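Remarks on the overall topology
Residue strings, one per chain:
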Amino acid sequence: MSKTRRAAIALLSALFACAGLVLVINGSAVAANLAANSGFEAGNLSGWTCTEGTSATTGTKRTGSYALQGAPVGQSNAQCQQTVTVQPNTAYKLSAWVQGSYVYLGVTGGVEKQTWTPGTSGFQQLTVDFTTGSATSVTIYVHGWYGQPAYFADDFNLDGPGTPPTTTTTTSTTTTTTTTTTTTTGNPPNTGLPKHVLTGYWQNFYNGARALKLADVPTTYDIVAVSFADATGTPGQVAFHLDSGLSSQLGGYTDAQFKADVRTLQNRGQKVIISVGGQNGTISVSDSNSANNFANSIKSLITNYGFNGVDIDLENGVNSTYMGQALRSIHAGGGTVITMAPQTIDMQNTGAEYFKLALNIKDILTIVNMQYYNSGSMLGCDQQVYSQGTVNFLTALACIQLQSGLRADQVGLGLPASPSGAGGGYQSPSNVNNALSCLARGTSCGTFKPSTTWPSIRGAMTWSINWDASNNWQFANTVAPHLDSLP
């Protein structure tokens, strides 16, 4: 070591000592690519453990002579993975270039993070940043999706230190404070709601479920989402009118009666919000103009009807930037309760627009009631595939949101109130209670049991209050008392 370098290190050590810091001196700790056979240039899958349908190919590659080809077949999603030694409490970056439909890149093993792309004609880089926590090894993986065409992946890079550095610790009389990092920062928005809530949708239309006046909704429901506001001819703008078919079923139901019923529920302590979207909703908020139109029209409905906020149930996609802009305007304008009801595919990873929206407005977001139905099989946070209609489906998919940035008080389980409420995915209210117990207490789990518990898990949602009424209120009468028993 030269005199100049020794002098520089001595000076830095003295400076760090004043603050009680640690000086790291080890050239071997420099970040490097830790992924073996990262470009598959060995001409095979050495270094990787892969499922059926995977191979090294020369046909489609980004650089070099080879790339990974994965062709999902049967019950295989064509996954390749490898386990890598890492340092605990250290930041790493995983990246890869992929091409094809529904390609996932992620890391598991003490850390659970992933990203994905719905499809690209050329190679696109996917990136996952993560911190290891207490883990000393992690498993990186890539896979496609069931029933989708072949995908390609090349040029993997796991960037970070591979060997622990040596450290020289200096002493100091200065008192220092050590922190740990968590994704669940911030406090719940002040909405006046209880710790655990039951949300239900009130149908402003008649489809065979029992027709109800709003005041007929029992107090077991803490949040009542009026469904739905309708699109107008102006981009982003919505309007609300009582449905004539519903009014006919009720023997007449006027706008004035509805407004009075909103106040009745609020006087009982319930929150009434206006829901936007649904299966047939075609509202698009994709620029500043439509965001302003959307926000202004919702604020007008809040003023006119007295709604407490808004529910975003857009099943044809959202733009996280402009919808986030609109929701912040609505919140500032008196819409204090903001909920979302995305489909399962919309919350598989933080790169999806719905998930980005939830994280972007986390400081004002009340709850995300993902729809655990009409879905088929999906990946859980443990990278296993689970089928709808099971406790595992609820807990393993909720785990993705809970581990990826949302607070537990912002996560709810959305289920059909009866078999007639959805095309698929119904399960008994007792199963919903089991899933809530599993997430809150670690009890009554299925074969999947999360590595931690979330006592402040927010609650459950059902489609719909009307279908629940048709089913003798089995959902509300079973789930609401159980929510009251949670920590």
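Further up the page is the structure itself.
A few points on the structure. (Residues numbered from 1 in each chain as written. Predicted model: local features only at pLDDT ≥ 70, side-chain atom pairs only at ≥ 80, totals over all residues. Heavy atoms only, no water.)

Remarks on the packing of aromatic side chains
The final tally for this structure, using the stated rule, is 20 aromatic pairs. Aromatic side chains Tyr 92 and Phe 130 sit 5.8 Å apart centroid to centroid with 15 degrees between the ring planes, which places their arrangement in the stacked category. Of this pair, Tyr 92 sits in strand β7 (residues 91-100) while Phe 130 is found in strand β10 (residues 120-131), placing the two residues 38 residues apart along the sequence. Taking relative accessible area as the criterion, Tyr 92 reaches 3% and is therefore assigned buried. On the numbers, 6.3 Å between centres and 25 degrees between planes, the contact of Phe 205 with Trp 463 is stacked. With Phe 205 in the loop between β14 (197-203) and β15 (223-231) and Trp 463 in strand β24 (residues 459-463), the pair connects residues that are 258 residues apart, well separated along the chain. Residue Trp 463 is classed as buried on the basis of its relative accessible area, which comes to 13%. (Phe/Tyr/Trp six-rings, centres within 6.5 Å; stacked < 30°, edge-to-face > 60°. Helix = DSSP H or I, 4+ residues; strand = E, 2+ residues; numbered from the N terminus. Buried < 20%, exposed > 50% of the residue type's maximum accessible area, 1.4 Å probe, protein only.)

Concerning the pattern of salt bridges
By the definition in use, this model includes six salt bridges. Notably, a salt bridge pairs Lys 356 with Glu 353, separated by 2.7 Å at the nearest N-O pair. Of the two residues, Lys 356 and Glu 353 are both situated in helix α6 (residues 353-360); the distance of three residues between them amounts to about one turn of the helix. (Salt bridge = Lys/Arg side-chain N within 4 Å of Asp/Glu carboxyl O.)

Quick notes on helix α3 (residues 255-267)
Helix length check: α3 (13 residues) gives 19 Å between terminal C-alpha atoms against 18 Å at 1.5 Å per residue, within 8%. Looking at α3, one finds that the buried residues are Phe 258, Asp 261, Val 262 and Leu 265. Buried residues of α3, seen end-on, are gathered within an arc of 110 degrees and therefore sit on one face of the element. Across α3 from its buried face, at more than 90 degrees, point the exposed residues Ala 256 and Asn 267. A positive phi of about 100 degrees marks Gly 269, the residue just after α3. (Expected span 1.5 Å × (residues − 1). Arc of directions from axis to C-beta.)

Let's talk about the packing of helix α7 (residues 391-403) against helix α8 (residues 429-441)
It is at 9 Å that the axes of α7 and α8 come closest, and there the two elements cross at 40 degrees. When the axes of α7 and α8 are compared, the pair comes out oblique. The crossing of α7 and α8 is right-handed. Contacts between α7 and α8 pair Val 391, Leu 394, Thr 395, Ala 398 and Leu 402 from the former with Asn 431, Val 432, Asn 434, Ala 435, Cys 438 and Leu 439 from the latter. Among the residues making up the contact of α7 with α8, the classes are represented as eight nonpolar, three polar and no charged. (Axes fitted to C-alpha atoms, helices over the stretch in contact; angles between N-to-C directions. Parallel < 35°, antiparallel > 145°, perpendicular 65-115°, else oblique. Left-handed = near helix turned anticlockwise from the far one by under 90°. Contact = heavy atoms within 4.5 Å. Nonpolar A, V, L, I, M, F, W, Y, C, P; charged D, E, K, R; others polar.)

Here's the deal with the pairing of strand β5 (residues 67-70)
In regular strands, side chains alternate between the two faces of the sheet. As paired elements, strand β4 (residues 54-57) and β5 share four bridges and run antiparallel to each other. For Ser 55, the partnering residue across the bridge sits in β5 and is Gln 69. Pairing of β5 with strand β12 (residues 151-160), which is carried by three bridges, proceeds in the antiparallel orientation. Among the inter-strand pairings, Gln 69 is bridged to a residue of β12, identified as Phe 152. (Pairing = 2+ DSSP bridges.)

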